[in-house]
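# Observations on the three-dimensional arrangement
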Amino acid sequence: MAQYVYDFSHGRKDDRDLLGGKGANLAEMTALGLPVPPGFTITTEACRAYLATGSEPDGLADQVADHLAELERRRGQRLGDSTDPLLVSVRSGAKFSMPGMMDTVLNVGLTDTSVAGLAERAGDKRFAWDSYRRLIQMYGETVMGIEGRHFSEALDGLVAERAVASEVELGTDDLRGLVEQFKTIVGREAGEDFPQDPNRQLTMATRAVFDSWNTERARLYRRQERIPEDLGTAVNVVSMVFGNLGQDSGTGVAFTRDPATGEQGVYGDYLPNAQGEDVVAGIRNTLQLTELAELDRASYDQLLGIMATLERHYRDLCDIEFTIERGTLWMLQTRVGKRTAPAAFRIAGQLVDEGLISDDEALSRVTGAQLAQLMFPQFDPSAARTAIAKGMGASPGAAVGKAAFDSATAVQWSEQGEDVILVRRETSPDDLQGMVAARGVLTSRGGKTSHAAVVARGMGRTCVVGVDALRVDPQTHTFTTPGGDRVDEGDVISIDGGTGEVFLGSVPVVDSAVVDALPTAPEVDDARGGEDASAGGDTADDDVVASVLWIMRHADRTRRLGVRANADTADDARRARSLGAAGIGLCRTEHMFLGPRRKSVERVILARTDEQRQAGLDELRPLQREDFTDILEAMDGLPVTIRLLDPPLHEFLPDLTDLSVRVAVAEATGTEDAEASELLAEVRRLHEQNPMLGMRGVRLGVMVPGLFDLQVRAIAEATATLRQRGRDPRPEIMVPLVAAVQELEAIRDMADATVADIATEYGVDLTIPIGTMIELPRATMTAHQIAEAAEFFSFGTNDLTQTTWGFSRDDVEATFFPAYLERGVFGVSPFESIDAEGVGRLVSIAAWEGKETRPDLKVGVCGEHGGDPASIHFFESIRLDYVSCSPFRVPVARLEAGRAALTAGSDGGDSR
Ligand code: PEP
Ligand code: MG
C-alpha cells in the first residue's frame, strides 16, 4: 500500500513533488535540528487520488490515525482533550507556491469541552474563546462553505455594540457570546451543527484543503503562472503554537536578504500577541523585525542564528515564518524566497562572492524575463510618487500619457503627437487601433491572459490589467479610485507595467542602467571576484549592473547556441552588434521596396513588356546596392542573412478600393480615365482572397522575372565593392516560403549564375551561401530534399505556426486567442512561445533530416520564438545552431542560451 503520510522527521527539501514545498521544507528544517512544531504531511499523491475519485484512498485514514497517535504521544496531549488539548493547524502546500490561493484551518481540535482545557492550560480564558471563535469561522467558511460575511457582520456588530475600537478589545464574555452566535450561524447556513468531534474536524479540514486545489481562483492562478493542473496539494498537520498568548508571544515573517533590492541585512515584520492571519489581515501595524531585539533579545538572537543557518544551507535567499510562544521560538515555514529582478542578479553575484554557489548556479538563478525587466525604461526611483491604485503588471515598461477612454480618442490624440494611455474596463478587438496608438494600456478588469494583456504583450506596449479598485465609467470618460481620486479624459497618468501600479500625473522615466552598460561591457574572460568584475559598485544600481555584466559573460562562455539579430537597417545592425549579436539571422528586405520605391516595384509587376520591366528594375538596383552595402558594412566580419522579397503581391499594387472609386467617379462624370480602368482590371486580376497564402515569397520570385535577380545582383555587387575596399562582408542569401525543392532550385540556378557574373565583372572571388527559410509544413516534411539545394535552413516559426495551426495571426490574436488561453487550449500563445509538441516537432524533424542530407547544414530560427526563453530552451534541446531575434532581445537570448546549455539533457525546456 502507498505511504500517504510522512512525519516531518522523514523527508527532505527535494521531496517537493510528494510533500509539497511547505512540507518538504518543514522536513528539512526538522532534519537541521531547528525548532519546528512536530507534525506530519499528507502527500500530494493522496490528494490526487482523492480528487480523482471523490473519496480518500484506502489506508489514508489509518495512516493519519497512526501519525496522530504518535504526535499525541510526543506532545503528551490528545487532540481535543478536555483538560490539555492538542490543537493542530491543517495547511495546504503545493509543489509550487500559490500564495493565498488554497485553504488553511487553524485551531483544529477545539470544541465546547476542549475550549475549557485550553483556557486552563494557557491560563487565559479570553485567548481560548478567541481561538475557538476563529476556528468556527475558518471551518465554517472553508469546510462548510458559509459566506464569510455572516461571521464578519456578527463580529463587527459586537464591536460596534461594545463601542470598542477593534476586536482586540473584546472581553472573554463577549467572545463566549460570539462563539454562540457563530454556532447559530453555522446551524442556520449549513443546516448542520459545528462538529464537536475533533477527529471529524481533522478529516473534514483535510478534505477541504484537498478541494481547495480546484477553486476558481487557484485554477486561474495556475493558468497564469503555468503551474500544471494535475499536481495536487499536500496537507500539513502541524501542532499549534500560539503567538497570541500575551506580550511575550507574537508572530512574524523574515527574509535573509531584502527581496526588493538584494541588500544584505535583517528584513521582516513582527506583530506581538498575534496569530499569522492577523499579520496578513493588516488589522494592526507590524513592527520592524529589528524591534524584536528590544522585546525579546534571546529569541531575536536565536532567530538571526537560524536565518544564517538556513541561508548557508539553502545557499539562497530564504523567507521565513515564525511564532514566539511565551518566549519560545518556533519555525513555521521557510522557502527560497521570491525576489525582484534587480535582487535576483544582485543576490546571485553576492552568493558567488561569498563562495556559496558556483558560477553555473548563479547563471541558473536568474532568468531572461528578469533581464528583460531590467532593460525596460523605468520610473525614476528617486522621483516622488504615490500609487492611486494597483493591479497586475501584464506587459512591462513605464508609460506616461493622457488618459483616453476610447480607441478613437487615443488614435486622434496620438496623431496630434500626444502620448496617450488607453483606459478601458476591458479591451476588445475594436480597441486594437487605440492600443497601437497608445503608449500604454490600463484596464480595470481581466487577468494576465485577458485580451488587453495578450495583445499588449504581443505589441510590446506597457500594460496594467485587473485594477479592480478603479471605477471606469465609459459614459462620462472618467475613472475614480476608492481613495476619492478622479481622473478625467485628458488628465495625465503614469502606469508601471512591472509592478501594476497606477500614478496620477507624470512620473519621470529613466533609461535602464543595464541597457546603457551592456554595449560597453568588456569582452574579457575574467572570473567573478577579479578586479573589475567584483560586484562592489558605489550604489545598489552599480551592483546590479556589475552582476548582470558578469553573469552575461558567464552565459556567453557557457552557451552552445549562437545568437544573431533580426535587423533590416544599418542602425539596427550596429545596435544589435553592440548588444552582442553574432551576425544578422534575418534581414527583411520588404521595407526597402516601400515608400517612394513602391512605384518602381509596381512598374515591374505590372509591366507589359520586357523594356518596361527592365526600366523599373534599373531604378531599383543602385538603391538596393546601397542598402546592402550599408548593412554589410555595419556587420563587417559577421554573417548577414538577407532574405529575398517576401510580402504578398498586393502590398505593391495600388489599393483596389481607391482605384474602384477613381474609375467610378470618372464614369459618373463622363471623364474617361483609361489608365485607371486598365490598372483596375490588372489589380482585380491579381487580387487575392487570402494573400498570406497567395503569391508571396519564392512564388513571387518565380513568377515575376528579374525581381529576385535584381536583389541577388545588388547583394553581389555590394559584396564585391566592399571586398575591393578591404572589408570582410559575409552575406548569405535566403529564399522565403519555399514548399518544394524545385522552387529553390529555380532561384538557386539563377542566383549562382548571377553571382558568378558579378565575380567576373569585379574580378573578385565571390562565394555567397544560399539557403532557405523553412516556414511551411511541406518544407519540413521534405527537408531531406530541400537540403540538397540549401546550404542553410532558417526556421520561420511565425509562418510555420500560422500554417501548422491554420491560424491567420492578424485575425486570431485579437479575436479568440484570449478565450483559448482562458479555457486552457494552450497555456501561452503559440506565437509567443514555440508549440513544442506540434510546430516544434516539425522543426526538430526537418533539422534532423536536413543534416542527414548535408551534415554541415547550418540550422537556425528567425521567427519571434528566437527571443523567447522557453523556446530557446527547446531549440537547445534539439541542438539547432543559432537563434535570431530582435536586437533588444539579443541579451535575453544570450542569457537563456547559457541557461539552456546548463539544463540541456536534464529537463530540456523548463525556463520557469
Ligand atoms: C517567419 O515566418 O517566422 C519569419 C521570420 O518571417 P516573417 O515574420 O517575415 O513572415
Ligand atoms: Mg515568414
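Please read these numbers as outputs of a predicted model, since none were measured by experiment.

So, how was this worked out
- Residues numbered from 1 in each chain as written.
- Chains lettered and ligands numbered in written order.
- Predicted model: local features only at pLDDT ≥ 70, side-chain atom pairs only at ≥ 80, totals over all residues.
- Heavy atoms only, no water.
- Near = heavy atom within 4 Å.
- Polar contact = N/O pair within 3.5 Å; in protein donor to acceptor, adjacent residues only side chain to side chain.
- Areas by Shrake-Rupley, 256 points an atom, 1.4 Å probe, with all protein chains shown as cover.
- Helix = DSSP H or I, 4+ residues; strand = E, 2+ residues; numbered from the N terminus.
- Phe/Tyr/Trp six-rings, centres within 6.5 Å; stacked < 30°, edge-to-face > 60°.
- Buried < 20%, exposed > 50% of the residue type's maximum accessible area, 1.4 Å probe, protein only.
- Donors = N, O, S within 2.8 Å, 3.2 Å for Na, K, Ca; no water.
- Axes fitted to C-alpha atoms, helices over the stretch in contact; angles between N-to-C directions.
- Parallel < 35°, antiparallel > 145°, perpendicular 65-115°, else oblique.
- Left-handed = near helix turned anticlockwise from the far one by under 90°.
- Contact = heavy atoms within 4.5 Å.
- Nonpolar A, V, L, I, M, F, W, Y, C, P; charged D, E, K, R; others polar.
- Salt bridge = Lys/Arg side-chain N within 4 Å of Asp/Glu carboxyl O.
- UniProt positions renumbered as here; feature names shortened; annotations may be inferred.
- Pairing = 2+ DSSP bridges.
- Core = buried A, V, L, I, M, F, W, Y, C linked by side-chain atoms within 4.5 Å.
- Expected span 1.5 Å × (residues − 1).

For the rest of this paragraph, the subject is the site of ligand 1. For ligand 1, the set of nearby residues contains 13 residues, the closest of which are Arg588, Arg643, Gly796, Asn798 and Asp799. Residue Gly796 places a main-chain N or O atom 3.3 Å away from an oxygen atom belonging to ligand 1. Across the complex, the protein chains shield 87% of the 290 Å² of accessible surface that ligand 1 would expose by itself. It is helix H31 (residues 797-805) that provides the largest number of residues to the shell around ligand 1, a total of three residues.

This part is about the packing of aromatic side chains. For the coordinates displayed, the defined rule picks out 23 aromatic pairs. Ring centres 5.6 Å apart and planes at 80° place the aromatic pair Phe379 and Phe503 in the edge-to-face group. Taken together, the positions of Phe379 in strand E13 (residues 378-379) and Phe503 in strand E24 (residues 501-504) put the pair 124 residues apart, joining distant regions of the chain. Assigned by exposure class, Phe379 and Phe503 land together as buried. Centre to centre, the rings of Phe807 and Phe831 are 6.5 Å apart; their planes meet at 45°, and the pair counts as tilted.

On to the coordination of the magnesium ion (ligand 2), then. Within the protein, the atoms that donate to the magnesium ion (ligand 2) are Glu775 (OE) and Asp799 (OD), at distances of 2.0 to 2.2 Å. Of the two residues, Glu775 sits in the loop between strand E30 (770-774) and helix H29 (777-781) while Asp799 sits in helix H31, which places them 24 residues apart along the sequence. Summarising the burial analysis for this pair, Glu775 and Asp799 share the class buried.

The N-to-C vectors of helix H4 (residues 114-122) and helix H5 (residues 125-142) enclose an angle of 140°; their axes lie 8 Å apart at closest approach. With respect to H5, the axis of H4 lies oblique. For the element pair H4 and H5, the recorded crossing hand is right-handed. Along the contact surface, H4 presents Val115, Leu118, Ala119 and Ala122, while H5 presents Lys125, Phe127, Ala128, Trp129, Ser131 and Tyr132. Residues of the contact of H4 with H5, tallied by class, amount to eight nonpolar, one polar and one charged.

What follows covers the pattern of salt bridges. Summed over all chains, the structure comprises 65 salt bridges. One salt bridge connects Asp556 with Arg894, and the closest N-O pair in it is separated by 2.7 Å. Of this pair, Asp556 sits in helix H20 (residues 540-558) while Arg894 sits in helix H36 (residues 890-903), and the two are 338 residues apart along the sequence. The exposure class assigned to Arg894 is buried, which follows from its relative accessible area of 9%.

In this section: the UniProt feature "active site" (unreviewed entry) in the protein chain. Per the UniProt record, "active site" (unreviewed entry) is found at His451 and Cys862. Taking the farthest pair of C-alpha atoms as the criterion, the annotated set spanning 412 residues is dispersed, since that pair is 26.2 Å apart. Tracing the sequence through the fold places His451 in helix H18 (residues 451-459). Excluding anything up to four places from it in sequence, His451 contacts Thr427, Ser428, Pro429, Met435, Ala814 and Pro818. In this structure the side chain of His451 is engaged in a polar contact, spanning 2.6 Å, whose partner is the side chain of Thr427. One can find Cys862 in the loop between strand E32 (858-861) and helix H35 (869-877). For Cys862, a relative accessible area of 1% puts it in the buried group. The contact partners of Cys862, leaving out residues within four places of it in the chain, are Asn566, Gly585, Leu586, Met734, Met773, Ser794, Phe795, Gly796 and Ser884.

Another point: the sheet that holds strand E11 (residues 318-325). What the five strands build is an open sheet, ordered E10-E9-E8-E11-E12; its pairing is antiparallel. Both edges of this open sheet fall to strand E10 (287-288) and strand E12 (328-336), since each of them pairs with a single strand only. Where strand E8 (residues 250-257) lies against strand E9 (residues 264-272), seven bridges are found, and the strand directions are antiparallel. For Val253, the partnering residue across the bridge sits in E9 and is Asp269.

Overall, antiparallel pairing links the five strands, which are arranged E1-E2-E7-E5-E6 in an open sheet. Of all strands in the sheet, those bounded by a partner on one side alone are strand E1 (5-7) and strand E6 (104-108). Between one strand axis and the next, the sheet turns by 20° as a mean value, whatever way the strands run. The pairing of E1 with strand E2 (residues 39-42) spans three bridges and is antiparallel. Note on E2: the bridge partner recorded for Val5 is Ile42. Contacting E1, E2, strand E5 (88-94) and strand E7 (233-239), helix H1 (residues 16-31) runs over the sheet at an angle of about 125° to E5.

Here we take up the UniProt feature "binding site: Mg(2+)" (unreviewed entry) in the protein chain. The sites that carry the UniProt feature "binding site: Mg(2+)" (unreviewed entry) are, in the present numbering, Glu775 and Asp799. In sequence the annotated residues extend across 25 residues, while in space they remain close, none of their C-alpha pairs exceeding 5.4 Å. When sequence neighbours within four positions are dropped, the list of residues in contact with Glu775 reads Pro736, Leu737, Gly796, Asp799, Leu800 and Thr803. At 2.8 Å, the side chain of Glu775 and the backbone nitrogen of Leu737 are in polar contact. With residues near it in sequence (within four places) discarded, Asp799 still touches Met692, Arg696, Leu737 and Glu775.

One non-glycine residue, Asn273, adopts positive backbone phi at about 50°. As for its placement among the helices and strands, Asn273 is situated in the loop between E9 and helix H10 (276-281). A positive phi angle, close to 55°, is found at His477, a residue other than glycine.

So, on to the nonpolar core. Within the largest apolar cluster, 127 residues are counted, with the highest numbers of intra-cluster contacts made by Leu371, Phe793, Phe795 and Leu895. Per-element tally for this core: the top contributor is helix H27 (residues 707-724), with ten residues. What Phe795 contacts, discounting residues up to four positions off in sequence, is Ile774, Val843, Ala846, Ala847, Val859, Gly860, Val861, Cys862 and Gly863. Judged by nonpolar contacts, the second largest core, of 57 residues, contains Ala119, Tyr139, Ala154 and Val186.

Attention now goes to helix H22 (residues 598-606). Restricting attention to buried positions, one finds in H22 the residues Ser600, Val601, Glu602, Val604, Ile605 and Leu606. Check the buried side of H22 and you find it contacts helix H23 (610-634), helix H25 (674-686) and H27.

Turning next to the side chain of Arg339. Along the chain, Arg339 falls in the loop between E12 and helix H13 (341-353). From its side chain, Arg339 meets the backbone oxygen of Gly337 in a polar contact 2.8 Å long. Sequence-distant contacts of Arg339, that is, excluding residues within four places in its chain, are made with Pro259, Asp316, Leu317, Ala344, Ile347 and Gln370.

Before going further, it helps to examine the environment of Glu120. Relative to the assigned elements, Glu120 resides in helix H4. Of the residues examined, Glu120 reaches a relative accessible area of 64% and is grouped as exposed.

This brings us to the packing of H5 against helix H6 (residues 148-161). Packed helices, taken two at a time, are described by the angle between their axes plus the distance between the axes. Viewed as axis vectors pointing N to C, H5 and H6 meet at an angle of 155°, and their least axial separation amounts to 9 Å. One element, H5, and the other, H6, form an angle in the roughly antiparallel class. On the side of H5, the interface is formed by Arg133, Ile136, Gln137, Gly140 and Glu141, while H6 contributes Gly148, Phe151, Ser152 and Leu155. Here the residues of the contact of H5 with H6 are counted per class, giving three nonpolar, four polar and two charged.

Another point: H25. The end-to-end C-alpha distance of H25, which contains 13 residues, comes to 19 Å, matching closely the 18 Å that a straight helix rising 1.5 Å per residue would cover. Residues Ala676, Leu679, Leu680, Glu682, Val683 and Leu686 constitute the buried set of H25. At its buried positions, H25 is contacted by H22 and helix H24 (656-669).

On to the pairing of E8, then. The buried count for E8 comes to six of eight residues, which makes it a mostly enclosed element. Hairpin connection from E8 to E9: six residues lie between these consecutive antiparallel strands, with Gly262 at a positive phi of about 85°. Two elements, E8 and E11, share six bridges in a ladder whose sense is antiparallel. Its bridge partner lying in E11, Ala254 is registered against Ile320.

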